[in-house]
Amino acid sequence: MHRVEVFLRHLSGWALAVAFWRPWRSGRARLLATAERVVVVRIDHRIGEALLTTPLVAALEKTHEVHLVVHPKCARVLEGLPGLAGLHPFERAWLWNPFSPRLRALRALCRDAVVVNAASWVEYSGTPALVARVLGAFGCVVGPPLGPARLLCDVPVPPRPDTAREVEQRLNYLSPLVHAPAGAMRFRAPRATPAVEALVAQHPAFAVVNPGGRLGERRVPTPVFAQAARHLAARGVVPVVTWGPGEEALADEVVAASGAVLAPPTSLDELAFLMSRAQLVLCNNTGPMHLSVAVGAKTVALFWQMPAAQWGHPQPPHVMVELTQEQSAAAMAQRVMAALD
């Protein structure tokens, strides 16, 4: 069934790509040298995906006026981002309504600009390729030449052969614009509240332990987090267990098995504030991992059924720990505790 779905997606993608193909647009590449504005398109609703786009802003902020076009659910993640000239939520329904005032405003913004389709570099994604082409009708579209998307970009950017890191590959989209583009993930200065400020004041030495994650199959078993929390407490570091919507039972399980402190419900800013004040953050490979790195916290991230080489952040002080299903919970805990020391 999945193969049929992929086939139909590619078939419809080729049909749309042919309809929007403009082979005479090669002259648009001249805008790479003259454009003052860059509009980065990343239509994805996940927090981590939004944060992984922020290095592109850092890489361009000194040379260009940078705008982001994002999924409406991600606007709250990127609002107030340093170096960003404009943040523009995009509704997919606008694609099929050429008279939409907001679509027309975005097309005007992208006139004579470089529009970067910052979609996946390993798998064809049709919506961002189409959005970038529609918005960049009078600009220069840069993006990955995957499947039908190759007909929709004016300047194709193949992946780097020397790295699998997601951050480096996304920065690579800017290589036609900037020599050796470089930038790190970032987040706004987190807005604290009395509740989290009181928690920080009560525990001068604490670590954030976040056992949840959007996809349950990528969560490391809770006994591993409980053992790690006990290890932190033995070192004099108070483990504070944070949780998201629907993860209350998961957090309660870790607290009950470890004696850790249960954090109150937290907004994105409150979680970021706690992470920025913590001695370290222990979490799964999920959105909070990227948030922790973005606010500069020492991050110990646990990877289970996902490649750390692609999605991890191996630069110091962060530690990426790859675990396998063949390992027992006790063996996993031993590896995690070694990473915490």
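Below or above, wherever it landed, is the structure these notes cover.

Calculation notes
Residues numbered from 1 in each chain as written. Predicted model: local features only at pLDDT ≥ 70, side-chain atom pairs only at ≥ 80, totals over all residues. Heavy atoms only, no water. Axes fitted to C-alpha atoms, helices over the stretch in contact; angles between N-to-C directions. Helix = DSSP H or I, 4+ residues; strand = E, 2+ residues; numbered from the N terminus. Parallel < 35°, antiparallel > 145°, perpendicular 65-115°, else oblique. Left-handed = near helix turned anticlockwise from the far one by under 90°. Contact = heavy atoms within 4.5 Å. Pairing = 2+ DSSP bridges. Polar contact = N/O pair within 3.5 Å; in protein donor to acceptor, adjacent residues only side chain to side chain. Buried < 20%, exposed > 50% of the residue type's maximum accessible area, 1.4 Å probe, protein only.

### Quick notes on the packing of helix 10 (residues 222-234) against helix 11 (residues 248-258)
Move 1: Taken N-terminus to C-terminus, the directions of helix 10 and helix 11 make an angle of 45°; their axes are 8 Å apart at the nearest point. Comparing the axis directions of helix 10 and helix 11 gives the class oblique. In terms of crossing hand, the pair formed by helix 10 and helix 11 is right-handed. Packed against helix 10, whose contacting residues are T222, F225, A226, A229 and R230, the element helix 11 presents L250, E253, V254, A257 and S258 at the interface.

### Observations regarding the sheet that holds strand 4 (residues 114-117)
Move 1: The parallel open sheet is built from six strands, whose spatial order is 3-2-1-4-5-6. Every other strand in the sheet has two partners, leaving strand 3 (86-89) and strand 6 (155-156) as the edge strands with one partner each.
Move 2: Alignment of strand 2 (residues 65-70) against strand 3, held across four bridges, turns out to be parallel. The partner of V69 across the bridge, within strand 3, is H88.

### Remarks on the environment of E49
Move 1: Tracing the backbone through its elements, the reader meets E49 in helix 3 (residues 47-51).
Move 2: Look past the residues within four positions of E49 in its chain and what remains in contact with it is R42, D44, R170 and W311.
Move 3: Polar side-chain contacts of E49 include one of 2.2 Å to the side chain of R170.

### Details of the side chain of R188
Move 1: Mapped onto the elements, R188 comes out in the loop between helix 8 (166-172) and helix 9 (194-202).
Move 2: You can call R188 buried: its relative accessible area is 6%.
Move 3: A polar contact is formed between the side chain of R188 and the backbone oxygen of E79, at a distance of 2.8 Å.
Move 4: Side chain to side chain, R188 and D269 meet in a polar contact 2.8 Å long.
Move 5: Excluding its chain neighbours within four sequence positions, the residues that come into contact with R188 are R76, V77, L78, E79, G80, P82, L268 and D269.

### What about the sheet that holds strand 9 (residues 261-262)?
Move 1: Reading across the sheet, the six strands line up as 9-8-7-10-11-12 and stay open at both edges, with parallel pairing between neighbours. Strands at the two margins of the open sheet, each flanked by one partner only, are strand 9 and strand 12 (319-323).
Move 2: Sheet analysis places strand 11 (residues 299-304) next to strand 12, joined by five bridges and oriented parallel. The residue of strand 12 that forms the bridge with W304 is L323.
Move 3: Its contacts with the sheet place helix 13 (residues 287-294) against strand 7 (206-210), strand 10 (281-284), strand 11 and strand 12, and it is angled at close to 155° to strand 11.

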